[in-house]
Amino acid sequence: MKIGYPCINRSIGCTANSTFRLANYSEERLIETIGANLECLERILHYNIEKGLLFFRISSDIVPFASHPICKTDWAKHFKRELASLGGLIRESGMRISMHPDQFTLLNSPSEDVTRRSIAELEYHCMLLDAMGLDDTAKVQIHVGGVYSDMESAIERFCARYKTLGAQIKNRLVIENDHRLYSLRDCLQLSKQIKIPVLFDSFHHECLNNGETFRNAVIAASSTWTKDDGLLMCDYSSQKPDAAWGTHTEHIDITLFRDFINRMRGLDFDIMLEIKDKEKSALLALGAYEELRHPPSYLLKHPRTV
DNA sequence: CCATGTCAAGGTCAC
DNA sequence: GTGACCTTGACATGG
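Residues numbered from 1 in each chain as written. Chains lettered and ligands numbered in written order. Predicted model: local features only at pLDDT ≥ 70, side-chain atom pairs only at ≥ 80, totals over all residues. Heavy atoms only, no water.

(A) Just helix 4 (residues 112-131), in detail. Across its 20 residues, helix 4 extends 28 Å between first and last C-alpha, which sits within 8% of the 28 Å expected from 1.5 Å per residue. Turning to helix 4, its buried residues are Thr115, Ser118, Ile119, Glu121, Leu122, Tyr124, His125, Cys126, Leu128 and Leu129. Following helix 4 by one or two positions, Gly133 adopts a phi angle in the positive range, close to 70°. (Helix = DSSP H or I, 4+ residues; strand = E, 2+ residues; numbered from the N terminus. Expected span 1.5 Å × (residues − 1). Buried < 20%, exposed > 50% of the residue type's maximum accessible area, 1.4 Å probe, protein only.)

What follows is the structure in structure tokens.
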């Protein structure tokens, strides 16, 4: 099991997702921004390796406007060396990588234009992972999309569009259950039709489910991942106390996390902590996980109930 | 320099 | 049909 966090490290003092306004676009600024982002990404990766956090999500903003028509720059070529070097670092350390295009990436939109732009966005994400030389266990996760007042035909549209995608995208694309529209069950049904892996989001599942326990949900989602896909990826979070329903917590509730892990005995998958304080919570989670695997002697003598 | 409004992209729901 | 909300950090403008 690898444990990690998405996109941002708050303790290093740099960001790998710096962008700028479209109105201020220039090729020079693009190159400058990508360069700074990649430099910061390298620092984050070193931090993660040192701390044993071996799952990380690279921000979609690492190459600003990559799929926008304004971008004519062959950034993959320009940063070929840097990207290959980052990829080497990732591979050597055994780190797992994911990416998560934003909410407007919709394969099942009734609008051809929205779909076309979405596919361009997916191409960009895959191109980046390819340029880093990462295998197909590095995934690009999206939600199924809108319902458009008819879920069945929305799912059909997703499948039809998926079939038109090239292998470069298909080999990396996975779908994630969301917290309002497409439950795990819906995703599994979709997966059955087109053999797409289902990434399990535990917090979304808490918000929207069909009665499956966490454990059975993880087992079912796991079965959609092949050897080439690697282990199941799982997003983990919990409800922010006293906040609107569905709001991600600011800090990890370590008791809840320990309980979650404890229910998963004998199962293996990778966990991404979608929690606001990022690496801070991820480190606590890693500590809790290692304690459960290798309990210190005082806990063996006086077992903690989890 | 700091505060606050705004930022490529869509969809859903309340009214 | 219109507008708020989702969710979010960081850009950038204006005071």
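Following the structure, the description resumes.
(B) The nonpolar core, seen in detail. Formed by 90 residues in total, the largest nonpolar core has its most connected members in Trp75, Phe158, Leu173, Phe257 and Leu273. In terms of residues, this core owes the most to one element, helix 1 (residues 27-51), which gives nine residues. In this structure, Phe158 is in contact with Leu107, Asn108, Ile142, His143, Val144, Ile175, Leu190, Ile194 and Ile196, ignoring residues within four places of it in sequence. (Core = buried A, V, L, I, M, F, W, Y, C linked by side-chain atoms within 4.5 Å. Contact = heavy atoms within 4.5 Å.)

(C) Seen up close, the pattern of salt bridges. The tally for this structure, following the rule as stated, stands at ten salt bridges. Here Glu112 makes a salt bridge to Arg161, at a shortest N to O gap of 3.5 Å. You can see Glu112 sitting in helix 4 and its partner Arg161 sitting in helix 5 (residues 151-164), a full 49 residues away along the chain. Where Lys139 meets Asp229, a salt bridge forms, and the shortest distance between an N and an O atom there is 2.8 Å. With Lys139 in strand 4 (residues 139-143) and Asp229 in the loop between helix 9 (214-222) and strand 7 (233-236), the pair connects residues that are 90 residues apart, well separated along the chain. When sorted by exposure, Lys139 lands in the same class as Asp229, which is buried. The structure contains a network of salt bridges with shared partners spanning Arg57, Asp235 and Glu274. (Salt bridge = Lys/Arg side-chain N within 4 Å of Asp/Glu carboxyl O.)

(D) Summary view of the protein's contact with DNA strand C. Every residue near DNA strand C is listed here: Ile8, Thr15, Ser18, Thr19, Phe20, Arg21, Asn24, Arg29, His179, Gly246 and Lys276. Atoms of DNA strand C within 4 Å of the protein belong to the sugar or the phosphate in 87% of instances, the rest to bases. Between Ser18 and DNA strand C, the recorded distance is 2.9 Å, taken from a side-chain N or O atom to a phosphate oxygen. Here a phosphate oxygen of DNA strand C and a side-chain polar atom of Arg29 are 3.0 Å apart. When its residues are assigned to classes, the surface near DNA strand C shows two nonpolar, six polar and three charged. (Near = heavy atom within 4 Å. Polar contact = N/O pair within 3.5 Å; in protein donor to acceptor, adjacent residues only side chain to side chain. Nonpolar A, V, L, I, M, F, W, Y, C, P; charged D, E, K, R; others polar.)

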